[in-house]
Each structure stands twice: as structure tokens, then as C-alpha cells.
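So the chains spell out like this:
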Amino acid sequence: MQSKFGSDLTTGSIPRHIVTFSLPMLIGGFLQTTYSFINPIWVGQYLGTAALAAVTVSFPIIFTIFGVGMGMTLATNILVSCRRPSSSRWWRWAWSS
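Just so it is clear, the structure is predicted and the values come from calculations on it, not from any experiment.

Novice: Whenever I open this one, the packing of aromatic side chains confuses me. Can you help?
Specialist: The geometry of an aromatic ring pair is captured by two quantities: the separation of the ring centres and the angle between the planes. Considering all chains together, one arrives at 1 aromatic pair under this definition. Plain terms: the ring middles of W42 and Y46 are 5.3 Å apart, the flat faces sit at 25 degrees to each other, and that makes the pair stacked. With W42 and Y46 both in helix 1 (residues 14-46), this residue pair falls 4 residues apart, about one helical turn.

Novice: Quick question: what am I supposed to make of the confidence of the model for the protein here?
Specialist: Low pLDDT means the predicted coordinates in that region are not meant to be read closely. Taken as a whole, the protein shows an average pLDDT of 80; of its residues, 78% reach a score of 70 or greater. Within the protein, the lowest mean pLDDT, 53, falls on strand 1 (residues 2-3), and the highest, 88, falls on helix 1.

Novice: What exactly am I supposed to notice about helix 1 here?
Specialist: An α-helix turns once every 3.6 residues. As a result, residues three or four positions apart point the same way. The terminal C-alpha atoms of helix 1, which comprises 33 residues, lie 48 Å apart, in line with the 48 Å expected from a rise of 1.5 Å per residue. The largest bend along helix 1 measures about 40 degrees and falls at S22, with the proline P24 one to four residues further on. Along helix 1, the residues classified as buried are H17, Q32 and V43. Next to the buried residues of helix 1 lie helix 2 (49-81). Near the N-terminus of helix 1, the side chain that reaches the backbone nitrogen of R16, with its oxygen 3.3 Å away, is that of S13. Just downstream of helix 1, G48 is the residue with a positive phi angle, here 105 degrees.

The rules behind the values
- Here, residues in each chain are numbered from 1, in the same order as that chain's written sequence.
- In keeping with the model being predicted, local features are shown solely for residues with a pLDDT of at least 70 and side-chain atom pairs are shown and tallied solely at 80 or more, while totals for entire chains, interfaces and linings include all residues.
- Hydrogens and water are ignored here; the side-chain numbers use all heavy atoms of the structure.
- Whether two aromatic rings pair depends on their centres lying within 6.5 Å, for rings of Phe, Tyr and Trp, where Trp uses its six-membered ring; planes under 30 degrees apart make the pair stacked, over 60 edge-to-face, and the rest tilted.
- For the purposes of this entry, the term helix denotes a DSSP run of H or I that reaches at least four residues, the term strand denotes a run of E that reaches at least two, and both are numbered from the N terminus.
- The predictor rates its confidence in each residue with pLDDT, a number between 0 and 100.
- Helix span is expected to be 1.5 Å times the residue number reduced by one.
- Throughout, bend refers to the angle between the axes fitted to the seven residues that end at a position and the seven residues that start at it.
- In this scheme, a residue with accessible area under 20% of its type's maximum is buried, one over 50% is exposed, and one in between is partly exposed, where area comes from a 1.4 Å probe on protein chains only.
- Note on contacts: a residue pair is in contact if any heavy atoms of the two residues lie within 4.5 Å.
- We call two N or O atoms a polar contact when they sit within 3.5 Å, provided that within protein one can donate a hydrogen and the other can accept it, with sequence-adjacent residues counted only if both atoms are side-chain atoms.

Structure (C-alpha cells):
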């Protein structure tokens, strides 16, 4: 059921809704993993072992940044999809226009 603000997620297939919401995060994780595999190959082949060591050491930092970014994106989606303007002060301010 389409409405002014989107589709009604209370009707229809639950697995379909879960897959629809998780697809952007799955694609992002796949792209990040692909980058993490391909980047050391290029760096190791063309720039040498010292550059490869630098890329390898920076992986946990990059992974943490991506994880925090994905988590913040998910948290933002939850806040935006909330339909109860009276549940918090922030929503009263945001929906008062």
C-alpha cells in the first residue's frame, strides 16, 4: 500500500521487507571487502613491501570507520522512519514546520 510518505511495511512479506532494508548494507559491505582485497594486490605489485605494510596496518582503522558510518546510517534510518512525532523533543521540533 503506497501512501504519501512511502509504502506500508506492516503488510506483505516480512522476509522481503528485511531483505529490502538490508540490501544497501550488504552491497556496501561487499564493495568494502572487494576494495580490501584488491588494494593490497595493486599496492604490493607496484609500490613494494613497505607500502603494502602501510596498507595492511591501516585496514582495521578503515574497517572501523566504515562500520561506524554504516551504524550511523542505520540509526538515522530508524529515526527518520519513526512516525511518532510526540515521542521525543527532537521530533516535535523537526515536524513542527
